[in-house]
Amino acid sequence: KSTSSLAESVPIGPKSARQAAKEQEMLDGYIRDFHKLQNATGFGAVNDMIRKFSEQESRAEKSTTQISQNESRIQELAQMKTLMTQGIDSKSHLSGNSDGMKEMEGLARNLQSRLSVLEKNKAQRDRQDSAIVNAKAGIGHLREKLSILPDELNVDNIDSIQS
């Protein structure tokens, strides 16, 4: 092709009024959608919404990890309880001498302290279960609110958006 025909096919100069109007219409649509999202979520900026969304996901993951650790600790303590109870039962069959009684009382105190730790761990796990449920509900709520954004923003790809 000659340079004159290339120059004719490449628009040079300012945008046409039609292009400018189309771009302004798209911008107005984005602004409208942003204000809807802002009103629905109470956040002032998209980055705030994304940060909150990310924080809730990481908090839910951490809680899940802690719950599994606590469950394994609870199992260990339950096994220790069983072993101590068996030890106390076997000691109770011994004669009533004072040394055997002192050892049995020590084992009983140890058992009680371990039982209180077990109950404390169970209560902590219950609180963490509740925190996970709340975090997941918050994530679901934000996903619903973010679903009104246009596809061009693609909020599922958080890594591509920079603060």
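### A closer look at the overall build of the protein chain
Reasoning step 1: The number of helices and strands found in the protein chain is four helices and zero strands.
Reasoning step 2: Across the protein chain, helices and strands are ordered from the amino to the carboxyl terminus as α-α-α-α.
Reasoning step 3: Within the protein chain, buried positions represent 18% of all 163 residues.
Reasoning step 4: With the model as given, the accessible surface of the protein chain reaches about 12,000 Å², and the carbon-plus-sulfur share is 52%.

### A closer look at the environment of glutamate 57
Reasoning step 1: As for its position among the elements, glutamate 57 is in helix α3 (residues 46-92).
Reasoning step 2: Discounting chain neighbours no more than four positions away, the residues touching glutamate 57 are Ile139 and Arg143.

### Describing the environment of glutamate 105
Reasoning step 1: Tracing the backbone through its elements, the reader meets glutamate 105 in helix α4 (residues 98-146).
Reasoning step 2: With a relative accessible area of 44%, glutamate 105 lands in the partly exposed category.

### Notes on the pattern of salt bridges
Reasoning step 1: All told, the structure shown has three salt bridges when counted by the stated rule.
Reasoning step 2: One salt bridge in this structure joins arginine 125 and aspartate 129, with 3.9 Å as the shortest N-O distance. Of the two residues, arginine 125 and aspartate 129 are both situated in helix α4; the distance of four residues between them amounts to about one turn of the helix.
Reasoning step 3: Salt bridges sharing common partners tie together Glu71, Arg125 and Asp129.

### A short note on the environment of isoleucine 139
Reasoning step 1: Relative to the helices and strands, isoleucine 139 is located in helix α4.
Reasoning step 2: Using a relative accessible area of 10% as the deciding quantity, one classes isoleucine 139 as buried.
Reasoning step 3: When near neighbours in sequence (up to four residues on either side) are disregarded, isoleucine 139 contacts Phe53, Gln56 and Glu57.

### Topic: the side chain of serine 63
Reasoning step 1: With respect to the element layout, serine 63 can be found in helix α3.
Reasoning step 2: Residue serine 63 is classed as buried on the basis of its relative accessible area, which comes to 9%.
Reasoning step 3: Beyond its immediate sequence surroundings of up to four residues, serine 63 is in contact with Gln128, Ala131 and Ile132.

### Regarding helix α2 (residues 17-41)
Reasoning step 1: In this model α2 runs 36 Å from its N-terminal to its C-terminal C-alpha over 25 residues, within 8% of the 36 Å that 1.5 Å per residue would give.
Reasoning step 2: Every buried residue of α2 is listed here: Gly29, Leu37 and Thr41.
Reasoning step 3: Once α2 ends, the next one or two residues include glycine 42, with phi positive near 80°.

### Some words on the confidence of the model for the protein chain
Reasoning step 1: When pLDDT is averaged across the protein chain, the result is 76; 72% of the residues are at 70 or more.
Reasoning step 2: Within the protein chain, helix α1 (residues 3-9) has the poorest average pLDDT of any element, 43, and α4 the best, 85.
Reasoning step 3: Segment residues 1-10: pLDDT under 50, and zero contacts once partners within four positions in sequence are set aside and those in other chains are kept.

Cut-offs applied
- Residues numbered from 1 in each chain as written.
- Predicted model: local features only at pLDDT ≥ 70, side-chain atom pairs only at ≥ 80, totals over all residues.
- Heavy atoms only, no water.
- Helix = DSSP H or I, 4+ residues; strand = E, 2+ residues; numbered from the N terminus.
- Buried < 20%, exposed > 50% of the residue type's maximum accessible area, 1.4 Å probe, protein only.
- Areas by Shrake-Rupley, 256 points an atom, 1.4 Å probe, with all protein chains shown as cover.
- Contact = heavy atoms within 4.5 Å.
- Salt bridge = Lys/Arg side-chain N within 4 Å of Asp/Glu carboxyl O.
- Expected span 1.5 Å × (residues − 1).
- pLDDT = per-residue confidence, 0-100.

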